[in-house]
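So the chains spell out like this:
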Amino acid sequence: MALLIQNKMKLIKYFTSLSAMITWIKPLALGMAFAWLWLLITPGGLAVAQNKPVDDQFLSLSIEELMNVKVTTVSRNPQKLNQVASAVFVITQDDIRRSGATSIPDALRMAPGMQVERVGTDKWAISVRGFDGLYSNKLQVLMDGRSVYLPIFSGVLWEQQDTLMEDIERIEVIRGPAASVWGANAVNGVINIITKRAADTQGALFSAGGGTFEHGFAGARYGGKLNEDTPFRVYAKGFTRGQTHALSGEHANDQWHSARGGFRFDHNRGIDQFTLQGDYFSNFDGSTLDKSALNLSTNPLGQMRGHNEGGNIRFRWDRNFSEHSAFMLQAYYDRTQSQLLPVGKFNAESFDIDMQYRFPLADRHKVTVGANYRLYHNKVFDTSLLTLTPREQTNHLGATFIRDDITLIPDRLMFTVGSRFEHNDFSGWEIQPSARLMWTPNPENSLWMAVSRAVRTPSRAENDAIINITPQVQSAFGSSLARLPITALLNGSHHYNSEKLIAYELGYRHQFSPQASIDLAGFVNDYSQMRDSSAGAFSFNPLLPGQLLLPLTINNQGSALTYGFEASADWKPRKNWRLQGNYSFIHIDFFSNNLLAKSDPSGGGAEKTAPQHQVSVRSNYDFSERLQLNLWLRYRSDIGFYNIPGYVTMDAKLVYRPAKNIELFVAGQNLFSQHHREFVSEFIPIVPVTIPRGVYAGAQWRFW
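Residues numbered from 1 in each chain as written. Predicted model: local features only at pLDDT ≥ 70, side-chain atom pairs only at ≥ 80, totals over all residues. Heavy atoms only, no water.

Helices and strands together make up the secondary structure of the chain, namely 10 helices and 38 strands. Looking at the chain alone, contacts between residues at least 24 apart form 64% of all its contacts between residues at least 6 apart. If you sum the accessible surface of the chain, you get close to 28,800 Å²; carbon and sulfur atoms cover 62% of it. (Helix = DSSP H or I, 4+ residues; strand = E, 2+ residues; numbered from the N terminus. Contact = heavy atoms within 4.5 Å. Areas by Shrake-Rupley, 256 points an atom, 1.4 Å probe, with all protein chains shown as cover.)

With that settled, the discussion passes to the packing of aromatic side chains. One pass over the full model with this rule turns up 20 aromatic pairs. Linked through ring pairs, Tyr-222, Phe-232, Phe-263 and Phe-265 together constitute an aromatic cluster. Seen from the ring of Phe-131, Lys-138 lies directly overhead, with NZ or CZ sitting 4.8 Å from the centre. Seen from the ring of Phe-381, Lys-345 lies directly overhead, with NZ or CZ sitting 4.7 Å from the centre. (Phe/Tyr/Trp six-rings, centres within 6.5 Å; stacked < 30°, edge-to-face > 60°. Lys NZ or Arg CZ within 6 Å of the ring centre and 35° of its normal.)

A sheet is described by the order of its strands in space; here 5 strands give the open sequence E3-E8-E9-E6-E7, paired in mixed fashion. Only two strands of the sheet have a single partner each, and these edge strands are strand E3 (87-92) and strand E7 (146-147). Of the strand pairs in this sheet, strand E6 (residues 139-143) and E7 are connected by 2 bridges, and their pairing is antiparallel. Bridge pairing in E7 links Met-143 to Arg-146. (Pairing = 2+ DSSP bridges.)

Leu-150, Ile-152, Phe-153, Phe-346, Leu-386, Ile-469 and Leu-552 are the most contacted members of the largest nonpolar core, which has 40 residues in total. Elements that contribute at least two residues to this core include exactly strand E18 (344-361), strand E20 (386-388), strand E25 (465-468), strand E26 (486-491) and strand E30 (548-574). Excluding its chain neighbours within four sequence positions, the residues that come into contact with Leu-386 are Phe-153, Val-343, Val-380, Phe-381, Ala-465, Ile-466 and Ile-467. The next biggest cluster of nonpolar side chains, apart from the first, holds 34 residues, and it includes Leu-139, Val-156, Ile-168 and Phe-665. (Core = buried A, V, L, I, M, F, W, Y, C linked by side-chain atoms within 4.5 Å. Buried < 20%, exposed > 50% of the residue type's maximum accessible area, 1.4 Å probe, protein only.)

All right, on to the confidence of the model for the chain then. Per-residue confidence for the chain averages 88 on the pLDDT scale, and 89% of its residues sit at or above 70. Throughout residues 1-5 the model reports pLDDT below 50, and contacts reaching past four residues in sequence, or to other chains, amount to 0 contacts. (pLDDT = per-residue confidence, 0-100.)

It is worth spelling out the pairing of E30 at this point. Judged from the 6 bridges that link them, E26 and E30 form a sheet pairing that is parallel. For Leu-490, the partnering residue across the bridge sits in E30 and is Leu-552. Bridge count between strand E28 (residues 516-535) and E30: 17 bridges; the pairing is antiparallel. The residue bridging Ala-535 from the neighbouring strand is Leu-552, located in E30. Inspection of the sheet shows strand E29 (residues 539-540) paired to E30 by 2 bridges, in the antiparallel sense. In the strand pairing of E30, Phe-540 is matched with Leu-548. In this structure, E30 lies alongside strand E31 (residues 577-591), joined through 14 bridges in antiparallel fashion. By the bridge assignment for E31, Ser-559 is matched with Phe-591. Connecting E30 to the antiparallel partner E31 that follows it, the hairpin turn spans 2 residues.

Attention now moves to the pattern of salt bridges. Within the structure shown, the criterion is met by 41 salt bridges. Arg-618 is the partner of Asp-95 in a salt bridge, and the nearest nitrogen-oxygen pair spans 3.4 Å. Here Asp-95 is found in helix H6 (residues 93-99), whereas its partner Arg-618 is found in strand E32 (residues 613-622), with 523 residues between them in sequence. Both residues of the pair, Asp-95 and Arg-618, count as buried. (Salt bridge = Lys/Arg side-chain N within 4 Å of Asp/Glu carboxyl O.)

Quick look at the environment of Gln-474 now. Position of Gln-474 relative to the elements: it lies in helix H10 (residues 470-477). Along the primary structure Gln-474 and Thr-487 are separated by 13 residues, whereas in three dimensions their C-alpha atoms are 9.3 Å apart.

Reading across from one edge, E13-E37-E36 is the order of the 3 strands in this open sheet, with antiparallel pairing throughout. If you trace the sheet from one side to the other, it starts and ends with strand E13 (245-246) and strand E36 (675-677), each paired once. Taken together, the 2 bridges between E13 and strand E37 (residues 689-692) define a ladder with antiparallel strand orientation. Of the residues in E37, the one forming a bridge with His-245 is Thr-690.

Before going further, it helps to examine the side chain of Asp-122. When you line up the elements, Asp-122 lands in the loop between strand E4 (114-118) and strand E5 (124-128). If we skip the residues at most four places from it in the chain, Asp-122 touches Glu-159, Trp-256, Asp-285 and Gly-286.

On to the pairing of strand E34 (residues 647-659). Relative to E34, strand E33 (residues 627-636) is paired through 10 bridges, and the arrangement is antiparallel. The partner of Leu-627 across the bridge, within E34, is Tyr-656. Pairing of E34 with strand E35 (residues 662-669), which is carried by 6 bridges, proceeds in the antiparallel orientation. By the bridge assignment, Lys-653 is partnered in E35 with Ala-667. Taking the residues between adjacent antiparallel strands as the criterion, E34 and E35 are bridged by 2 residues.

Here we take up a nonpolar patch on the surface. Together, Leu-276, Ile-313, Phe-315, Tyr-333, Phe-351, Ile-353 and Tyr-373 give the surface a local cluster of nonpolar side chains, amounting to about 540 Å² of exposed area. Contributing elements (two or more residues each) for the nonpolar patch: strand E16 (303-322) and E18. (Patch = residues over 30% accessible without salt bridge, like charges linked within 9 Å, V, L, I, M, F, W, Y side chains within 5 Å.)

Following this line, the structure appears as structure tokens:
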């Protein structure tokens with residue numbers, strides 16, 4: 001134990017020094033950017049960029065090859081993208097590199113149907129097919145198969161989910177339920193962030209840069225081999241990001257400093273593959289309380305600074321008996337500590353073990369069976385905003401699943417049926433089946449349809465918490481009643497049950513030519529037993545004389561119906577030019593008898609927290625082997641609940657490679673306006689902010 005503590009202190013010291021180092025990277029990177037831009041516009045610079053063949057993994061692939069990229073998240077087994085009976089989108093490493101995205105949330109904006117909204121420098125609201133919020137609770141998120149969904153509040157803390165962006169192989173985004181495979185909370189979709197194998201990250205890599213909002217960043221990775229069968233890599237990264245601005249124009253006090261490191265070892269022995277992987281991170285962030293919640297803090301300006309840290313370790317064993325038969329066993333341990341007072345303070349840890357076995361049965365069946373056990377332990381400290389009783393608790397989850405891919409007509413018609421059977425401490429047994437049909441009349445066309453059931457299980461907070469929501473209730477009452485001396489408390493309930501969904505989906509893919517393809521998907525989601533609340537009678541607050549107490553209790557009396565449409569298209573008009581576009585539409589109806597339902601952004605107000613229309617167009621153009629220009633145009637319609645208007649913006653990234661192993665880049669984000677609004681926190685009473693325009697530059701070196 002003493003050795004672990006000593007190593008941890010060394011790691012913290014290293015990251016602290018890394019954070020300090022990046023403060024001087026910013027001026028160096030900007031100076032370097034001007035230098036290489038000068039090099040580009042000089043005749044000599046242009047000369048080296050001419051008459052060179054395009055050598056790019058992304059643009060060298062045809063559309064047909066891209067549609068045959070294998071994905072694993074839908075069935076937990078490798079499948080060709082154009083043979084998947086589900087709405088799935090793959091964000092490749094090359095997509096990430098060309099987009100200029102510096103975080104996983106920013107990269108997710110590329111997927112159709114995704115709603116990615118920045119709430120602050122370090123906070124995002126991310127969802128798919130509606131019900132977005134800082135604590136979006138209907139989206140399962142995995143990193144290399146490790147769930148990062150937090151069961152205390154039902155959501156994902158995105159500031160804790162990161163890795164070296166260059167080490168991400170791809171991000172698979174499933175729109176629609178995948179609960180029959182991944183279990184509860186995979187209701188509206190699944191995001192699986194998959195990193196590269198250690199064998200694919202050999203050699204050294206160093207990247208650094210800085211700019212206006214991305215003040216400074218640096219990352220380093222080294223990959224080597226213990227022997228021919230055991231490649232490994234280690235990495236470290238750090239960054240510091242600037243503040244957003246409150247609507248009043250003042251700084252939001254949410255500057256973000258982060259440091260992270262990790263390792264991965266892979267070992268191959270015959271038909272067996274072993275992986276040992278781990279990460280550690282430390283974040284320093286903050287925010288400012290909204291003026292309606294200043295009474296919660298001793299700071300007269302409501303300024304808060306917080307810290308969160310954590311780590312994980314994962315082990316995986318794969319044994320491939322044949323192309324159609326394989327066994328997998330995975331176990332991981334995850335631990336986080338988070339503090340942002342007076343909002344919240346908690347410690348959480350989880351242990352998970354998961355196995356699956358895939359085998360053929362007769363000539364037409366491919367069967368996959370599996371089992372999973374997960375343990376959650378958490379301790380939530382009392383604050384003026386939140387109290388959980390009991391303060392500390394351990395919960396268990398057990399599950400098993402079966403899936404059968406049945407070939408009805410070879411190479412033409414496939415039927416998939418399966419279900420997951422799961423038991424949790426809050427709602428007991430849950431059964432989540434799905435049935436999918438894929439028809440492929442020829443290689444250019446495929447049509448699929450699906451019916452699925454999924455549930456979102458209660459969080460610990462929905463069972464055990466008392467949350468002070470006075471600012472939100474006063475806002476719902478309007479200005480005329482906002483000065484009422486009331487304290488509104490939202491109480492969890494042990495009778496609260498799972499939210500349920502029956503989803504109907506239909507999709508079509510068509511390849512016009514080797515240069516063009518389109519992917520269409522439509523859905524109707526029928527939700528029942530949705531989270532709602534009921535108000536009790538006013539009484540005098542025994543702790544605050546003169547104050548009225550308004551109790552509200554969580555219940556399952558809401559329901560909702562949503563429908564929508566998503567389209568994405570891929571076109572290569574020239575060998576060195578690729579265009580990608582997508583459009584999504586959604587409509588939400590929420591039904592409730594609660595008079596305050598429409599004022600709850602996670603309940604009845606969700607009708608107006610999702611933009612009805614979203615558009616994304618990306619252009620990736622290679623002038624030569626050494627010079628690339630990548631543009632990304634985005635449109636999002638208004639968010640009526642928060643009176644946030646729609647906006648159009650553009651990101652751009654210019655890349656120059658003076659040598660094979662050196663890449664220089666300059667990128668601009670949110671270029672069309674100096675500031676724009678995106679979203680507002682629904683539970684934490686922090687000031688709404690505007691997201692600034694940003695420009696950064698940097699360099700990357702690779703050594704083999």
